[in-house]
2 protein chains.
Amino acid sequence: MGNKLLMTPGPTNVPDRVLKKMSEGIIHHRTSEYSGIFKDISENLKYVYQTKNAVLTFTSSGTGGLEAAVVNMFSKGDKVLAVTIGVFGDRFINIAKLYGLDVDVISVPWGKGVTVEEIKDKLCDEHKALILTHNDTSTAAVNPIKEIGEFMKDKKQLFMVDGVSSIGGIEAKMDEWNIDVLVTGSQKALMIPPGLCFVGVSDKGWKAAEKSTLPKYYFDFKSARDYLEKPLPQNPYTPAVPLVIAANEALKMIKEEGLYNVYERHQNLAGMVRNEVEKMGLTIYTDKKYLSNTVTAITFNDDTTASRIKKRMEEEFDIIIAGGQRKLKGKMIRIGHMGCVNKEMVERTLDALKKCL
Amino acid sequence: MGNKLLMTPGPTNVPDRVLKKMSEGIIHHRTSEYSGIFKDISENLKYVYQTKNAVLTFTSSGTGGLEAAVVNMFSKGDKVLAVTIGVFGDRFINIAKLYGLDVDVISVPWGKGVTVEEIKDKLCDEHKALILTHNDTSTAAVNPIKEIGEFMKDKKQLFMVDGVSSIGGIEAKMDEWNIDVLVTGSQKALMIPPGLCFVGVSDKGWKAAEKSTLPKYYFDFKSARDYLEKPLPQNPYTPAVPLVIAANEALKMIKEEGLYNVYERHQNLAGMVRNEVEKMGLTIYTDKKYLSNTVTAITFNDDTTASRIKKRMEEEFDIIIAGGQRKLKGKMIRIGHMGCVNKEMVERTLDALKKCL
C-alpha cells in the first residue's frame, strides 16, 4: 500500500521522515507539547508565505479553505471580481455565488492566465475584492500574481488568492505582493499528507473580517486567530494531530532546504519535464507565457491515448498521473512535479511515459 | 513524543496497529485502491452505527460535523427544540442560533440527563427537530436516547444526536431508535486519530436535506452521498488519506472484537473507575441515573486540588487526564476511558491517581 509514485497534482509523495513522525503516537491538543509544535508550524508557515501575519491552520481540504475565505471576508450581496482560468477558478466562483455574493467574472480561455490589463479594465469601485487562482492544475497555467499584486497596491479591494497548488512550489510573496487572503492545502507542494489547509490573512483582511456577516463556526478565522495567539498556541477544535505533526516535519524540511532552493528545484524539474515531453513529440496544452512549475498538461488529439497512458503508467510502472478534467477528460494527461520530487522521480516518470507511447 | 497515556475524553490512545498503517505511504484518492478502503470504512461505519443507511465521512473535527448537520437539515428561521446538559449541548445550540434557527432550549442542570417527560412537555408542532447530545463529556452524563428515540417514533420531527463522545463506546442503534442524524468524531471511542467526523443520515433526514436552503459547500451531505454511491466510492474533495487508512484499521479492530463486546468492555472499565474512585473517598460529579461509560468526572471542594492532580498525573506518571470546563474549571478532573483502553491502563491511571491524592 502507498508504494506507488504519485506524480499527480496532489496528493503528492510524502517524505519517509514525515510519514514516520505520524506513527509515533497521538499527543493531546491541549498540552504544552502540542502548543510547541503548533507554534513552530505557525512560524514556518509565515516563512513559506513570506508574511509577518499569522497563518491559520484548519483541518479540511483546500476547498474548505476557499469556503472559509468567502464566509470570513464577505457579507451577502457583496460585489466581487473573480478570475477563472480553469476548474479551480470556477470552484472559487461557485462558492462565492452560493453564499450570495454578486460575482463579476473574467473568464480566461483555458490554457492561459489573466493579464493585468484585463483586471484593470474590469475592476470597479463597487468591487470589494479581486479573487483568483494562482496555479490552476486543470490547465497547468499560472496567473501573474506578482504583477497583479503590484497593481493592487493601495487599492481598497481585497486581493484574494487560491494558492492551493502553488505555495511552496512557485514563488508567492504574500506581504510584498499585497495579497490579503492566501489559501493553500497541505497535500501539494508542501509535502504534507492531505487533510489540512492554511490561510494567511493581511491586516486589511482582518479589517474585512470584522465587517463580514456571513455565518461561520468551524471555519471562523477570528476564533482560529484567538487560539493561535494564546501564550500556548492551540486550535479552537480538536485538530488532526498526526497531520499537524507531519506538517511540522515537512515545513522544517522546506526551511532546511531553503525556500528559494525549493522554488529552483521545482523550476528545474518542470523545465526538464517540458523539454523531454516536447522531445517525445507530445503537445503541451498550456500557453508558453503561463506555464506552471508544479504541473504539466499534455493533450492528445484522439479520445483514447490519454486514458490508455494513464492506465499503463499505473499498472505497469506503479506511477500515478492524472487525467484531464471536464472538457479535457480523456484527452489529457497531467504530470504533477511538486513537493517531495527529485530528478530521479522525474526521470522514472518520463522513461515510463516514453515506453507507454 | 506521543508516549503519554491519554486518559482524556478525546483524543484517545490509538492502537499501534492503526498508527503503523498511517506511515505506510499516501495513496491517491481517485484510485480503485482508495475506493476499496473507503468502501470498507463505509460498510463498517454502518455496522457501528447499526444502520442500513450511508454514513458520510468528512475531514474535520466533530464540531464541523455538528455544523454540517445544521446547515444540511435546516433553513433560516426553522424552529427546533434542543436539549443541553453541558458544554457540548450548548455548542450545538450556538451553531443552530448562528445559522438563524429559532431554538427552544431545555436546559438540564449539569450532571443530569434529560427525561422523556421533559421532552414530551416541550416538543410542539412547529418544531422541525429535536436536537441533543448523547454523552456530554463536560459533565460525564448521558441522555437516555433509547427511550427518547422510542418516543420520537413516527413523529414528524427529526431526531438529531451528537454522538461524538459515545459512538463505539455506548450503545446507540441509529435505525431502531429512530435517529435521523447521528454525528461522531474519529478521536473518541473509535480509536482513530483526530481529524475525521462521520455523519449518519436516515431516509427522513435525506428528505429534510432536500428542503434545506442554508448554504453549504465543503460540508454538503448530498455531494458526499453522490461520491460515496459511485461504483468506486470517493469523497468530493481530497480527504485526509492517512486518517482514512487509520479509520479502516480501527473499524476492522472493532468488528473483530465485536461491537457488543466493545460496549461491555467500556461498561466494565467505567464501573471499575467509579468503584475505585469512590473507594478513594472522592466525589463523582454525575447523577447516578445518568453515568457515562466513556468518561468519569470527579469534583473537589477546593480550587487547587484538581489542577494539582492533573499536573502531577502528567509530570510524574505520563498520564494525561482532563480538567473541568467553564464553571467547573479548576474544580474537576475528568478521566476518559474510551476507545483503545484496557484494564491495565485503567489500573495504571487509578494507581497514579491514588498516589497524587
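Residues numbered from 1 in each chain as written. Chains lettered and ligands numbered in written order. Predicted model: local features only at pLDDT ≥ 70, side-chain atom pairs only at ≥ 80, totals over all residues. Heavy atoms only, no water.

**Some words on the overall build of chain A**
Per the secondary structure count, chain A includes 12 helices and 15 strands. Here the C-alpha radius of gyration of chain A, 20 Å, is about what a compact globule of 357 residues would show, namely 21 Å. The dimensions of chain A, computed from C-alpha atoms along their principal axes, are 55 × 55 × 30 Å. Looking at the 357 residues of chain A, the share that counts as buried comes to 67%. Counted over contacts in chain A with a minimum sequence separation of 6, partners at least 24 positions apart contribute 73%. Approximately 12800 Å² of chain A is accessible, and the part contributed by carbon and sulfur atoms is 47%. Across chain A, the centroid of the 49 positively charged side chains sits 2 Å from that of the 45 negatively charged ones. (Helix = DSSP H or I, 4+ residues; strand = E, 2+ residues; numbered from the N terminus. Rg over C-alpha atoms; globule rule 2.2 N^0.38 Å. Buried < 20%, exposed > 50% of the residue type's maximum accessible area, 1.4 Å probe, protein only. Contact = heavy atoms within 4.5 Å. Areas by Shrake-Rupley, 256 points an atom, 1.4 Å probe, with all protein chains shown as cover. Lys, Arg positive; Asp, Glu negative; His and termini not counted. Charge placed at Lys NZ, Arg CZ, Asp CG, Glu CD.)

**Here's the deal with the relation of the copies chain A and chain B**
Mapping chain A onto chain B is achieved by rotating through 180 degrees and translating by 0.0 Å along the same axis, at an RMSD of 0.0 Å. What the rotation and shift describe, once combined, is the action of a two-fold rotation axis. (Least-squares fit on C-alpha atoms with pLDDT ≥ 70 in both.)

**Quick notes on the side chain of T84 of chain B**
Residues and elements named next belong to chain B. If you trace the backbone, T84 turns up in strand β3 (residues 79-84). A polar side-chain atom of T84 sits 3.0 Å from the main-chain carbonyl oxygen of G86. Among the polar contacts made by the side chain of T84, one reaches the side chain of D90 at a distance of 2.6 Å. Apart from the residues within four sequence positions on either side, T84 is in contact with G89, D90, I93, V105, I106, S107 and V108. (Polar contact = N/O pair within 3.5 Å; in protein donor to acceptor, adjacent residues only side chain to side chain.)

**Topic: the sheet that holds strand β9 (residues 181-185) of chain A**
Backbone hydrogen bonds hold the strands of a sheet together, and the pairing may be parallel or antiparallel. All names here are of chain A. Strand order in the open sheet formed by 7 strands is β2-β10-β9-β8-β5-β3-β4, and the pairing between neighbours is mixed. Because the sheet does not close on itself, it has two edges, and the strands there are β2 (55-59) and β4 (102-107). If you compare each strand with its neighbour and ignore which way they point, the axes differ by 20 degrees on average. Across the face of the sheet, helix α4 (residues 87-98) comes into contact with β3 (79-84), β4, β5 (129-133) and β8 (158-162) while running at roughly 160 degrees to β3. (Pairing = 2+ DSSP bridges. Axes fitted to C-alpha atoms, helices over the stretch in contact; angles between N-to-C directions.)

**Notes on the pattern of salt bridges**
Evaluated as defined, the whole model comprises 47 salt bridges over all chains. Linking K128 of chain B and D78 of chain B is a salt bridge whose minimum nitrogen-to-oxygen distance equals 3.3 Å. Taken together, the residues span a long stretch of sequence, with K128 of chain B in the loop between α5 (116-122) and β5 (129-133) and D78 of chain B in the loop between α3 (62-73) and β3 at a distance of 50 residues. The class for K128 of chain B is partly exposed, based on a relative accessible area of 45%. The partner of D351 of chain B in a salt bridge is K355 of chain B, and the shortest N-O contact between them spans 2.9 Å. Separated by 4 residues within a single helix, D351 of chain B and K355 of chain B lie in helix α12 (residues 343-356), roughly one turn from each other. Salt bridges here are not isolated pairs; linked through shared partners, they connect R17, E249, K252 and E256 of chain A. (Salt bridge = Lys/Arg side-chain N within 4 Å of Asp/Glu carboxyl O.)

**Here's the deal with the side chain of D162 of chain A**
Within the secondary structure layout, D162 of chain A lies in strand β8. Here D162 of chain A occupies a buried position and makes no salt bridge, while the nearest side chain of opposite charge, R91 of chain A, is found at 7.7 Å.

**Some points on the sheet that holds strand β9 (residues 181-185) of chain B**
Residues and elements named next belong to chain B. Pairing is mixed across the open sheet formed by 7 strands, whose spatial order is β2-β10-β9-β8-β5-β3-β4. Both edges of this open sheet fall to β2 (55-59) and β4 (102-107), since each of them pairs with a single strand only. Recorded for the sheet is a direction-independent mean angle of 20 degrees between the axes of neighbouring strands. Taken together, the 5 bridges between β9 and strand β10 (residues 196-201) define a ladder with antiparallel strand orientation. Looking at the pairing, T184 lines up with F198 of β10. Each of β5 and β8 (158-162) touches helix α6 (residues 145-152); the most contacted strand, β8, lies at about 165 degrees to it.

**Considerations on the domain arrangement of chain A**
Residue and element names in this part refer to chain A. Per the domain assignment, the segments of chain A are domain 1 (5-11 + 258-356) and domain 2 (17-256). Approximately 2500 Å² of surface area, both sides summed, lies buried where domain 1 meets domain 2, with 57% of it carried by carbon and sulfur atoms. Ranking the residues of domain 1 by area buried against domain 2 places L259, Y263 and Y290 at the top, with a combined share of 25%. Among the ionic pairs, K112 bridges to D287, the shortest N-O distance being 2.8 Å. Where domain 1 meets domain 2, there are 19 residue pairs in polar contact (both at pLDDT 80 or more). Of all the secondary-structure elements, those providing two or more residues to the side of domain 1 that touches domain 2 are α10 (259-279), β12 (295-299) and β15 (332-336). Of the residues forming the side of domain 1 that touches domain 2, the biggest block, 5 residues, is contributed by α10. (Domains from an automatic or database assignment. Buried area = accessible area lost by both parts, 1.4 Å probe.)

**What to know about the interface of chain A and chain B**
The partner chain B presents 54 residues to the 54 residues of chain A that form the contact. Applying the counting criterion to the chain A and chain B interface returns 2 salt bridges. Taking the shortest distance from any N to any O, the salt bridge between E33 of chain A and K4 of chain B comes out at 3.9 Å. Of all the elements in the fold, those that place two or more residues in the side of chain A that touches chain B are α1 (16-22), α2 (32-49), α3 (62-73), α4 and α9 (241-257) of chain A.

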